[in-house]
Amino acid sequence: MGFASVNGIERPVRLCEKTRAYAEESLGHKYGLDAKKTPCVSLDGITGFESFSPVQKYDAAIRAIAENAPLRICDGELISGAATLGAAISHVVPAFYNGAAVYMSNSHLTADFFSIVKDGIDSIRKKAEQAYRKYKGTDKEEFAKSCINCLNSFDIWHKRYLKELYNIGYTANYENLLTVPYKPAKTFYQAVQSVWFAFAFMRLCGNWPGIGRLDLLLGPYLQNDLQNGVITLDFAREILAHFFIKGCEWICGDCGSGDAQHYQNLVISGVDENGCDVTNEVTYLILDIIEELGISDFPTTVRLNKNSGEKLIKRVAEVMRFGGGTLAVYNEDKVIESMTKYGYELTEARRFANDGCWEVQVPGKTNFSYVPYDFLQLLQKKTLKSYDESVFFDSFDTMYNAYLSDIRGLLEGLLSDVKTNLMKCEDGGEWVWKPNIPCTVISLFEGGCVEKGRSYLEGGPVYNVISPHIGGLADTVNSLYAIKKLVFDDKKIGFSDFMRVLRENWDNDEALRQYALNKYVYYGNDEDEPDLLCARFLSDFADICKELDNRSGYRFPGGVSTFGRQLEWSHQRLACPYGRKSGEVLAANASPTPGSDKEGATAIIKSYCKNPLVKLPVGAALDVKLLPSSVKGEEGLDALCSLLRGFVLLGGFFMQPDVADAEILRKAQKNPGEYQNLSVRVSGWNARFVTLNKEWQDMVIEQNECCR
Amino acid sequence: MNVADEITLRVSEIQRFCMHDGPGVRTTVFLKGCPMRCLWCHNSEMQKTEKELLFFKNKCIGCRLCASCKNGVHTFKYGHKIDREKCLLCGECEKNCPSSALLICGRDMSIDEIIREVKKDAAFYGQTGGVTLSGGEPFAQPGVTELLKRLKAEGINTAVETCGYYDVTDAVPYTDLFLWDIKDTDEARHKKNTGCRNKPVIDDLFAADKAGAKIRLRCILVNGVNTDETHYKNVAALMKKLRNCVGADILPYHAYGGSKAELTGREDNGDKALIPTEEQINRFKEMIKN
Ligand code: SF4
Ligand code: SF4
């Protein structure tokens, strides 16, 4: 048995054969396919269902799930609980009425597992009962009642597991579940079971919560147990591995976009709210497990800072080398600075985790959503009127300012949508939330909701965030830059003529296209002129977001992302001034336009770090692709560590280094223009992959292929 | 004006994020000019000291803007012909070529300029990374020791890839690691295949070693040229005799040089028959391990 890697090094074996076999089953779609067989429970038999209020319908759905969802106890599993209803994998509450889902479910949040593990669900029940007493007779009564109903449903599901575990003699699991998640966990083992059971219930009900800072949560329990000699590190690793393996129970192998994860984020290492380093044995166990099993279903981000230890960085680099982009890093110094500048308390900022991908949030008390925009489309279609004859600007600044005001218009439109759709203005001029779809299960585990008597979607959480995201950043900036250079600075062509050339998709001026492509240096090459234009643009964008902040009960911090949308966009965008023809690839996230980055990874990181990242408290993601051969051996490991350190030193925000595999090289062979920065470095001579002759490329590909 | 301002070096390329030219993240400065003419050279555009006009055929779009060269270097009668003999290296065609298919290889840079360039990645060098001088043969240019001295003064770790044909003892105090080519240990073959004698390479190697240089040997392995037991034994013996040798790398020949030879209008020297077999590589490895 072996778990895939791209670097040719065999993954180490630390887990027992049985656990590894369990992992292989889970990664091999066994449980995902199993879940597909029972997509949902039915609400059809419930009398009077149609006449129920929305919240009553929701409560009935959760109860039906708790009572009827199949239980799953895998052979030898160390922790129990499973999200066995297949429709949840499609982001709905898996309870159907008349053959259709009744409610959508929730994601992009990290639930408050700290309260669950440390205080127990009993304490949440207590809060719910208090809320019910407090809000009886008000319009919040129904939500408070729903909280109690959903906790009752949780009880039902819990009891079913207890009974079954008792019957089959899974004593350890049974005994743990007698305590957790209702009472505070006493041991590491119980703490893991507690997180998992609550997580599994949220997922069973269709939600996709993130997990957040698992090492911070579990570390003290493990340390205590190790000191008392009640557990070995090896057994702790096995328990945690089961947590990971169970987390793969939704993999069914048929995800068209390859999106095999459900925002079940983990954030490890970094400082706690007092500024002390939290790195502990659990941090390393998590890294061990990812390294051994190659599980990428928990998007795991490591919080690095200027003082991160050598041991941690080296371990992170070692795991990263196996490829697949399983590990990403935050420079938490920058993240915390940006959050406090934005207005979060320092202690809150230090607690940060994310929404399941990388967008920063205060975990367990944030309602988060983001709104993706294609800014290249805005530039092309609106500001430059699809390169129509009628468009004309006499200077770069007039064009740039026109574009900014189009951006402002777009974002103001978003704000007014929010106001009309989500909020209403009370007589006193105060904005309050309009009723939204019920979402009690998630509301139970988000700080603020139960106390305030408001659901997750109705202003319950402490923080409510809508983040406008720039998509197409590099393409937009490079377009602006190319117009600036070709038309206004170097006067290679007049504005109107240039619009014509673009309108014709460059078909009639290949020489100018080549000039635009080759004679200017674009964002991502550590060249100040284009990089500073990008920085200026992001700064202006952040300022516009700031103007709209808190004008509706929502925070509006900006971010930069594409999340793969660039693939779809690429077919819809017109030609670009920097030489791109319509249909060609576009840039991802805050990364350079493919093919325009000719100086390699360090230059990309430097360009990215020149951006005013401190003004973007949600984040801007940088993808950096590396070849397995460039991180090979002790030297390569060293280099990867240096790359991570440099990223922190230069003030980056979020980076996802990906060690590319043969597949990517084959693509590079077919479309060399898009992969110019992939380097092959062999002692004594140097070559970019795309400049190698075919034979040599094939050889490199083969070398990479051997590792699969 | 200090001495570093006056000295210029002829650089063919500066590459960032090089991971296998010494430890850590490195910036490699390729210097132009080399005394040797190795049969298997992979960087043939860096052999000559003189600047050269490179032509990247795959980038050319045939726009013929380069035909405006006043010296008639570019002609298009039977395909694009480049008569390099006539070229005065004025750089006009390079500037005009829209697709950057033409490039003058060799740029004279002052030490300050080079330092400025390599410091761009200083944030990534950390404890281990730094600058590697390569080429070409770095020591073929008189200013190299001064450059190394300045790099050291800036706190930058330095490595040099050298063919070993020059006395480098002066540079030892400023060089953290020498990557020393041992192309062959057979005098006659060395002469035949590189155009230079082997003895100076070995003499310089020991002189450097005696002066305290940290050395890593780099052994190109070319099938049918130096794939014999005697050579392996000689290298192993060399390693034993050196006091400060930290290891050796085997660099198996590959047919890559060919596609680069075209750039300068040289003959393609990419010959697959010269690629060593797995067995040969492993045997060599075995020998130098002990
Ligand atoms: S100018 Fe450049 S692209 Fe045009 S023909 Fe000459 S070499 Fe080719
Ligand atoms: S460098 Fe000058 S002389 Fe040489 S080919 Fe180009 S234009 Fe002609």
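Note that the structure is predicted; figures quoted are calculated from it, not measured. (Residues numbered from 1 in each chain as written. Chains lettered and ligands numbered in written order. Predicted model: local features only at pLDDT ≥ 70, side-chain atom pairs only at ≥ 80, totals over all residues. Heavy atoms only, no water.)

### Comments concerning the overall build of chain B
If you tally the helices and strands in chain B, you get ten helices and twelve strands. Here the C-alpha atoms of chain B give a radius of gyration of 20 Å, agreeing with the 19 Å that 2.2 N^0.38 yields for 290 residues. Here chain B holds 290 residues, and the buried ones make up 55% of them. Excluding contacts between residues fewer than 6 apart, the proportion of contacts in chain B whose partners are at least 24 apart in sequence is 69%. Taken as a whole, chain B presents about 12800 Å² of accessible surface, with 50% of it coming from carbon and sulfur. Across chain B, 43 positive and 40 negative side-chain charges occur, with their mean positions spaced 2 Å apart. (Helix = DSSP H or I, 4+ residues; strand = E, 2+ residues; numbered from the N terminus. Rg over C-alpha atoms; globule rule 2.2 N^0.38 Å. Buried < 20%, exposed > 50% of the residue type's maximum accessible area, 1.4 Å probe, protein only. Contact = heavy atoms within 4.5 Å. Areas by Shrake-Rupley, 256 points an atom, 1.4 Å probe, with all protein chains shown as cover. Lys, Arg positive; Asp, Glu negative; His and termini not counted. Charge placed at Lys NZ, Arg CZ, Asp CG, Glu CD.)

### Things to note about the site of ligand 1
The full set close to ligand 1 counts 13 residues, and B:Cys60, B:Cys63, B:Arg64, B:Cys66 and B:Cys97 are the nearest of them. When grouped by side-chain class, the residues that make up the shell around ligand 1 number nine nonpolar, three polar and one charged. (Near = heavy atom within 4 Å. Nonpolar A, V, L, I, M, F, W, Y, C, P; charged D, E, K, R; others polar.)

### Things to note about the domain arrangement of chain B
Domain boundaries in chain B define domain 1 (3–50 + 107–289) and domain 2 (57–104). On a C-alpha basis, the centres of domain 1 of chain B and domain 2 of chain B stand 32 Å from each other. (Domains from an automatic or database assignment.)

### Considering the sheet that holds strand S2 (residues 95–97) of chain A
All names here are of chain A. Pairing within the open sheet is mixed, and its three strands lie in the order S1-S2-S3. Across the chains shown, the open sheet's two edge strands, defined by having one partner strand only, are strand S1 (41–42) and strand S3 (100–101). Here S1 runs beside S2; their pairing, made up of two bridges, is parallel. Among the inter-strand pairings, valine 41 is bridged to a residue of S2, identified as alanine 95. (Pairing = 2+ DSSP bridges.)

### Topic: the interface of chain A and chain B
Every contact between the two is made by 41 residues of chain A and, on the other side, 40 residues of chain B. Between chain A and chain B lies a buried interface of about 3400 Å² when both sides are counted; carbon and sulfur atoms form 54% of it. For the interface between chain A and chain B, the tally reads one salt bridge. Counting across the chain A and chain B interface gives nine residue pairs in polar contact (both at pLDDT 80 or more). Counting only elements with at least two residues in the side of chain A that touches chain B, the list comes to helix H21 (510–518), helix H24 (601–609), helix H25 (633–649), strand S18 (679–682), strand S19 (685–688) and helix H27 (694–706) of chain A. Counting residues per element, the side of chain A that touches chain B draws most heavily on H25(A), which supplies eight residues. Of the residues in the side of chain A that touches chain B, the class split is 17 nonpolar, 13 polar and eleven charged. (Buried area = accessible area lost by both parts, 1.4 Å probe. Salt bridge = Lys/Arg side-chain N within 4 Å of Asp/Glu carboxyl O. Polar contact = N/O pair within 3.5 Å; in protein donor to acceptor, adjacent residues only side chain to side chain.)

### Remarks on the domain arrangement of chain A
Residue and element names in this part refer to chain A. According to the domain assignment, chain A consists of domain 1 (13–21 + 211–359 + 623–708) and domain 2 (368–617). Each partner contributes residues to the interface: domain 1 has 28 residues there, and domain 2 has 33 residues. Roughly 2500 Å² is buried in total at the junction of domain 1 and domain 2, and carbon and sulfur atoms are behind 62% of that figure. Our count for the contact surface shared by domain 1 and domain 2 stands at zero salt bridges. Run the count over domain 1 and domain 2 and you get seven residue pairs in polar contact (both at pLDDT 80 or more). Elements with a minimum of two residues in the side of domain 1 that touches domain 2: helix H13 (332–342), strand S16 (619–626), H25 and strand S17 (654–659). Here the element with the most residues in the side of domain 1 that touches domain 2 is H13; it accounts for six residues. Here the side of domain 1 that touches domain 2 is built from residues that sort into 13 nonpolar, six polar and nine charged.

### With respect to the pattern of salt bridges
Residues and elements named next belong to chain A. Within this structure, the stated rule accounts for 65 salt bridges over all chains. Across the pair lysine 246 and glutamate 77 runs a salt bridge, and its minimum N-O distance is 2.6 Å. Of the two residues, lysine 246 is situated in helix H10 (residues 233–246) and glutamate 77 in the loop between helix H3 (54–68) and S2; the sequence distance between them amounts to 169 residues. No difference in accessibility class separates lysine 246 from glutamate 77, as the two residues are buried. Overlapping salt bridges, with partners in common, bring together Arg14, Asp234, Arg237, Asp288, Glu291, Arg315 and Glu318 in one network.

### Considerations on the packing of aromatic side chains
All names here are of chain A. Summed over all chains, the structure comprises 45 aromatic pairs over all chains. Judged by centre distance (5.7 Å) and plane angle (25°), the ring pair of tryptophan 358 and phenylalanine 654 falls under stacked. In this pair, tryptophan 358 is assigned in the loop between strand S9 (353–354) and strand S10 (360–361) and phenylalanine 654 in strand S17, connecting sequence segments 296 residues apart. Phenylalanine 654 shares its class with tryptophan 358; the two are buried. An aromatic cluster of three or more residues is present, and its members are Phe113, Trp196, Phe199, Phe243, Phe244 and Phe298. We note lysine 484 situated over the ring of phenylalanine 396; from NZ or CZ to the ring centre the distance is 6.0 Å. Directly above the ring of tyrosine 400 sits arginine 536, whose terminal nitrogen or CZ lies 4.2 Å from the centroid. (Phe/Tyr/Trp six-rings, centres within 6.5 Å; stacked < 30°, edge-to-face > 60°. Lys NZ or Arg CZ within 6 Å of the ring centre and 35° of its normal.)

### Topic: the nonpolar core
A:Phe188 and A:Phe498 are the most contacted members of the largest nonpolar core, which totals 234 residues. The leading source of residues in this core is helix H8 (residues 188–204) of chain A, at 13 residues. Excluding residues that lie within four positions of it along the chain, A:Phe188 makes contacts with A:Leu218, A:Tyr221, A:Leu222, A:Asp225, A:Ile231, A:Ala236, A:Ile239, A:Leu240 and A:Val282. In terms of nonpolar packing, the next biggest core, distinct from the first, is built from 60 residues, B:Leu9, B:Ala208, B:Ala213 and B:Tyr232 among them. (Core = buried A, V, L, I, M, F, W, Y, C linked by side-chain atoms within 4.5 Å.)

### A closer look at the pairing of strand S3 (residues 52–55) of chain B
Residue and element names in this part refer to chain B. Burial along S3 is two-sided: Glu52 and Leu54 facing one way and Leu53 and Phe55 facing the other are all buried. Direction of pairing for S3 relative to strand S6 (residues 102–105): antiparallel, over a ladder of four bridges. When the bridges of S6 are listed, leucine 54 appears paired with leucine 103.

### Brief notes about the side chain of A:Ser107
Residue and element names in this part refer to chain A. Relative to the helices and strands, serine 107 is located in strand S4 (residues 107–110). A polar side-chain atom of serine 107 sits 3.1 Å from a polar atom in the side chain of histidine 108. Apart from residues lying up to four places away in sequence, serine 107 is in contact with His91, Trp208, Tyr263 and Tyr456.

### Examining helix H8 (residues 229–241) of chain B
Residues and elements named next belong to chain B. With 13 residues, H8 extends 18 Å between its outermost C-alpha atoms, agreeing within 8% with the 18 Å of an ideal straight helix rising 1.5 Å per residue. Taken together, the buried positions of H8 are His231, Tyr232, Val235, Ala236, Leu238 and Met239. The buried residues of H8 occupy one face: seen down the axis, they fall within an arc of 155°. Relative to its buried face, H8 has exposed residues pointing more than 90 degrees away, namely Thr230, Lys233, Lys240 and Lys241. Contacts made by the buried residues of H8 are with helix H6 (187–194), helix H7 (199–210), strand S11 (215–221), strand S12 (245–252) and helix H10 (278–289). (Expected span 1.5 Å × (residues − 1). Arc of directions from axis to C-beta.)

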